[in-house]
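Below, each chain spelled out in residue letters.
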Amino acid sequence: MNSEKKIMSIIQEDGSIDEVEILVTFEFTDTKKAYVIYTKNETDDKGNVTVYASSIIDEPTGVRLGGVQTEEEWTRIKEVLRKLAKDGQQ
């Protein structure tokens, strides 16, 4: 198993840069929409690592991250996260 971390730089609207760890990227074949799940390795008050989900938008000037627009998208993304968590526990 490759344990090398994949790091991505996110430039915020204020110009600051966040270095985040990519956990997984995937695309839903029916919608052709791609997503990235990443973390800043922050933990909540229960010790769980906080993860973020963004859509991946390809533009002529490069790639940018977008929001998740609909409840249906969120539901499908949560299913992917549940499957990853289950697979990771085996």
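Further up the page is the structure itself.
These lines cover the structure that appears in this document, whether it is placed above or below. For every chain, the first residue of its written sequence is number 1, and the numbers climb from 1 along that sequence. Reporting of local features is limited, given that this is a predicted model, to residues whose pLDDT is at least 70; pairs of side-chain atoms are given and counted only at 80 or more, and all residues count toward the totals for whole chains, interfaces and linings. For side-chain calculations, the full set of non-hydrogen atoms in the structure is used, while hydrogens and water are omitted.

1. Quick notes on the sheet that holds strand β2 (residues 17-28)
Phase 1 of the analysis: Judged by pairing direction, the sheet is antiparallel, and its five strands sit side by side in the order β1-β2-β3-β4-β5 without closing on themselves. Of all strands in the sheet, those with a lone pairing partner are β1 (6-11) and β5 (62-66), marking the two edges. The sheet shows a mean angle of 45 degrees between the axes of neighbouring strands, direction not considered.
Phase 2 of the analysis: Examined bridge by bridge, β1 and β2 share six bridges and lie antiparallel to one another. Looking across to β2, one finds that K6 is bridged to I22. Any two strands with at least two DSSP bridges between them are considered paired. Numbering goes from the N terminus for both helices and strands, where a helix is a DSSP run of H or I of at least four residues and a strand is a run of E of at least two. For every element, the axis is a line fit to its C-alpha atoms; helices are fit only across the contacting stretch, and the angle between N-to-C directions ranges from 0 to 180 degrees.

2. Looking at the nonpolar core
Most often, soluble globular proteins keep nonpolar side chains buried together rather than apart.
Phase 1 of the analysis: Of all hydrophobic cores here, the largest spans nine residues; its members are V24, F26, F28, Y35, I37, A53, V68, I77 and V80.
Phase 2 of the analysis: For this core, the elements supplying multiple residues, two or more each, are β2, β3 (33-43) and α1 (71-88).
Phase 3 of the analysis: Sequence-distant contacts of V80, defined by excluding residues within four places in its chain, comprise F26 and F28.
Phase 4 of the analysis: Core analysis: the next-biggest nonpolar cluster, separate from the first, contains six residues, M8, I10, I22 and Y38 among them. Definition of nonpolar core: a set of buried residues of the types Ala, Val, Leu, Ile, Met, Phe, Trp, Tyr and Cys, connected through side-chain atoms within 4.5 Å. When a residue's accessible area, from a 1.4 Å probe over protein chains only, is under 20% of the maximum for its type it is buried; when over 50% it is exposed; and in between it is partly exposed. Only heavy atoms enter the contact rule, under which two residues are in contact if any of them lie within 4.5 Å.

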